[in-house]
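If you want the building blocks of each chain, they are given just below.
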Amino acid sequence: MKKTMIRSGAILGAVLVAAPALAQDITFWSWRQEDRAAYEQFIEAFEAANPGINVKFEAFEAANYNTILSTALAGGTGPDVMMVRAYGGLENVAAAGYLEPISPENVPALADFAAPALAAESVRADGKVYAVPFASQTQLVIYNKEIFDANGLEEPQSWDELVAVSQALRDAGIIPFANGTATAWQNETVTFGLGSSLMGEDFYDALMEGSTDFTDERFTGALGEIAAVAADYFPDGFIGLDYPSAQQLFASGMAGMFIGGSYEMATFQGLNPDIEMGVFAAPGKTADDPKLVGLYFDGGYAANAAGANKDAAIQFLNYLASPEFGQAFANTLSNISTVPGVSFDNPLLAEVNELNQSSIPYLMLAHFRYGEPSGSVLIQGEMQKLFAGETTPEAIGEALTTGLAAWYEPFQK
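In this text, all values refer to a predicted model and were calculated from it rather than measured experimentally. In this numbering scheme, every chain counts its residues from 1 along its sequence in written order. Two thresholds apply to this predicted model, a pLDDT of at least 70 for residue-level local features and 80 or more for giving and counting side-chain atom pairs, whereas whole-chain, interface and lining totals are computed over all residues. Calculation of side-chain values draws on the structure's entire complement of heavy atoms; hydrogens and water are dropped beforehand.

Description of the environment of Leu223
Cut-off, in case you're wondering: Think of it this way: any DSSP run of H or I at least four residues long counts as a helix, any run of E at least two long counts as a strand, and we number them from the N terminus. In this analysis, two residues are considered to be in contact whenever any of their non-hydrogen atoms come within 4.5 Å of each other.
Along the chain, Leu223 falls in helix 9 (residues 217-233). Here the alpha-carbon distance between Leu223 and Glu394, two residues 171 residues apart in the chain, equals 8.9 Å. Beyond its immediate stretch of four places on either side in the chain, Leu223 contacts Thr191, Met199, Met383, Leu386, Pro393 and Ile396.

Okay, here's the thing in structure tokens:
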């Protein structure tokens, strides 16, 4: 009896000692501080289905995230799993060898993801995928349905109708567009959220083929139209109006429209739970022109190539690529998940997903952030000058083409 008890105690002791060795604690980094509660729910679901893997979520300030992440990875102290940017932002960390390549072999669900989503999380030099894409974002016009209905307004089908809607709002004492441009990246948002249909698919295709550049009249003409609308229908002093203040103008019902990303909808709902929103693609010159939104992929989930718990990290990536996660992501965060087969219970989100079927890429982010100077930095600075009356659309076309020629080979001809 005593020997049996001793033997059982020894076995129990061995189990208790062995358990920590079986458990794997992994860290997961993000720039989405505002999404902490949602991710903790997602992680709880993963841990329940994967006992022995514990995930610690850590979020950092978005503006400094890339620097914090790169520094940690270079020093060998980075996370096991991390959110990474897309396109050029991804290449900065993947090309340095910090990220584990993934494929349908270790993350089977990737086989069903859309090619453009995977391309956004790939390195051009080797064609390998380094992250599970997590969301697409859409640049469009969000409007206050109550204000539109009260003033008998409908979604504009042509540029002249957009101007007429804006004038009607101003005549009613309502700010037509809430946007300001003091926050630099908002200049880029306004440019392509308002101008994608004006620029058109033909311009985009020619630009990608290398048969035109940014001096093209289809591009510079769109900039002129955008600047005219801003001058007449943005808030007084919009050049000095920062991003949070512009958000408040729209959410409070002082403005009828907001040019921005689909990610804004959840923010506006949080600022004003009673707001009723609609969305539309800013129109082209005529009602017959294709109505295009600017589309991009927002980032992905990647594993540390030098991580000590790589198997657990890959297991977590498989969860993040699953329909279960994609549906929870869409429902909880009101975002367009890139996971195939996800449905959108939110009618507004479903409408955005429908608008995405007619789109061109959000130009500078998708194609011109791979070198220095960045196309985004150039367009943001040049549009700020245009809004201030300090340059012309034609000069911007020249500045973009010349500046990008420093690294973009098609412009070097």
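Picking up after the structure, the text goes on.
Quick word on the packing of aromatic side chains
For clarity, the threshold we go by: Aromatic rings from Phe, Tyr and Trp, with only the six-membered ring used for Trp, were paired whenever their centres fell within 6.5 Å, and each pair was classed as stacked if the ring planes differed by under 30 degrees, edge-to-face if by over 60, and tilted otherwise. Think of it in three bands: with a 1.4 Å probe and only protein chains considered, a residue is buried below 20% of the maximum accessible area for its type, exposed above 50%, and partly exposed in between. Geometrically, a lysine NZ or arginine CZ counts as sitting over a ring once it is within 6 Å of the ring centre and also within 35 degrees of the ring normal.
Inspection of every chain in the model, using the stated rule, returns 40 aromatic pairs. Ring centres of Tyr39 and Tyr301 lie 6.5 Å apart, and the angle between their planes is 75°; this geometry places the pair in the edge-to-face category. Placement of Tyr39 in helix 2 (residues 36-49) and of Tyr301 in strand 8 (residues 293-303) is noted, with a sequence separation of 262 residues between them. Each member of the pair, Tyr39 as well as Tyr301, carries the same accessibility label: buried. It is Arg85 that lies over the ring of Trp31; its NZ or CZ is 3.8 Å from the centre. One Lys or Arg, Arg124, reaches over the ring of Tyr370 and ends 3.8 Å from the middle of that ring.

Brief notes about unusual backbone geometry
Omega for the bond connecting Glu372 with Pro373 falls within 30 degrees of zero, at 5°, which places this linkage in the cis form. Checked against the element boundaries, Pro373 lands in the loop between helix 15 (363-367) and helix 16 (375-387). Positive phi outside glycine occurs at Tyr87, with the angle close to 55°. Tracing the backbone through its elements, the reader meets Tyr87 in the loop between strand 3 (81-84) and helix 4 (88-94).

Some points on the packing of helix 8 (residues 184-209) against helix 9
Selection criterion: Here, axes are lines fitted to C-alpha atoms. For helices the fit covers the stretch in contact, and angles between N-to-C directions go from 0 to 180 degrees. Geometric relationships in this document are graded by angle, where less than 35 degrees denotes roughly parallel, more than 145 denotes roughly antiparallel, 65 to 115 denotes roughly perpendicular, and other angles denote oblique. In this scheme the crossing of two helices becomes right-handed for a clockwise turn of the near helix relative to the far one and left-handed for an anticlockwise turn of less than a right angle. Note that Gly is not counted as nonpolar here; it falls among the polar residues with everything else outside the nonpolar set of Ala, Val, Leu, Ile, Met, Phe, Trp, Tyr, Cys and Pro and the charged set of Asp, Glu, Lys and Arg.
As a packed pair, helix 8 and helix 9 sit with axes 9 Å apart at the nearest point and diverge in direction by 165°. With respect to helix 9, the element helix 8 is oriented roughly antiparallel. Helix 9 is crossed by helix 8, and the crossing has right-handed handedness. Counted together, Val190, Thr191, Phe192, Leu194, Gly195, Leu198, Met199, Asp202, Phe203 and Ala206 of helix 8 and Arg218, Phe219, Ala222, Leu223, Glu225, Ile226 and Val229 of helix 9 form the full contact between these two elements. By residue class, the composition of the contact of helix 8 with helix 9 is 12 nonpolar, 2 polar and 3 charged.

A short note on the pairing of strand 2 (residues 53-59)
As a reminder of what qualifies: Two strands make a pair as long as DSSP finds a minimum of two bridges between them. Think of it like this: strands point away, you trace from the first strand over the helix to the second, and a clockwise trace means the crossover is right-handed.
Burial along strand 2 is one-sided: the residues Ile53, Val55, Phe57 and Ala59 are buried and none of Asn54, Lys56 and Glu58 is. Taken together, the 7 bridges between strand 1 (residues 24-30) and strand 2 define a ladder with parallel strand orientation. Directly across from Trp29, in strand 2, lies its bridge partner Glu58. Of the crossover connections in this fold, the one passing from strand 1 over helix 2 to the parallel strand 2 is right-handed.

Concerning the confidence of the model for the chain
As a general rule, the predicted coordinates of low-pLDDT regions are not to be interpreted in detail. Stated formally: Within a predicted model, pLDDT stands for the predictor's per-residue confidence, ranging from 0 to 100.
Scored by pLDDT, the chain comes out at a mean of 94, with 95% of its residues at no less than 70. When mean pLDDT is taken per element in the chain, strand 5 (residues 175-177) scores highest with 99 and helix 1 (residues 2-22) scores lowest with 37. In the model, residues 1-21 has pLDDT below 50 throughout and makes 0 contacts with residues more than four positions away in sequence or in other chains.

Quick word on a negative patch on the surface
Stated formally: Patches here: salt-bridge-free residues with over 30% relative accessible area, like charges joined within 9 Å, nonpolar side chains (Val, Leu, Ile, Met, Phe, Trp, Tyr) joined within 5 Å. Residue exposure ignores everything except the shown protein chains as possible cover, and the areas themselves are Shrake-Rupley values with a 1.4 Å probe. For this document, the term salt bridge refers to a Lys or Arg side-chain nitrogen within 4 Å of an Asp or Glu carboxyl oxygen. His is not counted, nor are the chain ends, whereas Lys and Arg count as positive and Asp and Glu as negative. In this description, the location of a charge corresponds to atom NZ of lysine, CZ of arginine, CG of aspartate or CD of glutamate.
A surface patch of like charges, here negative, comprises Glu146, Asp149, Asp274 and Glu276. Topologically, Asp149 is positioned in helix 6 (residues 145-150).

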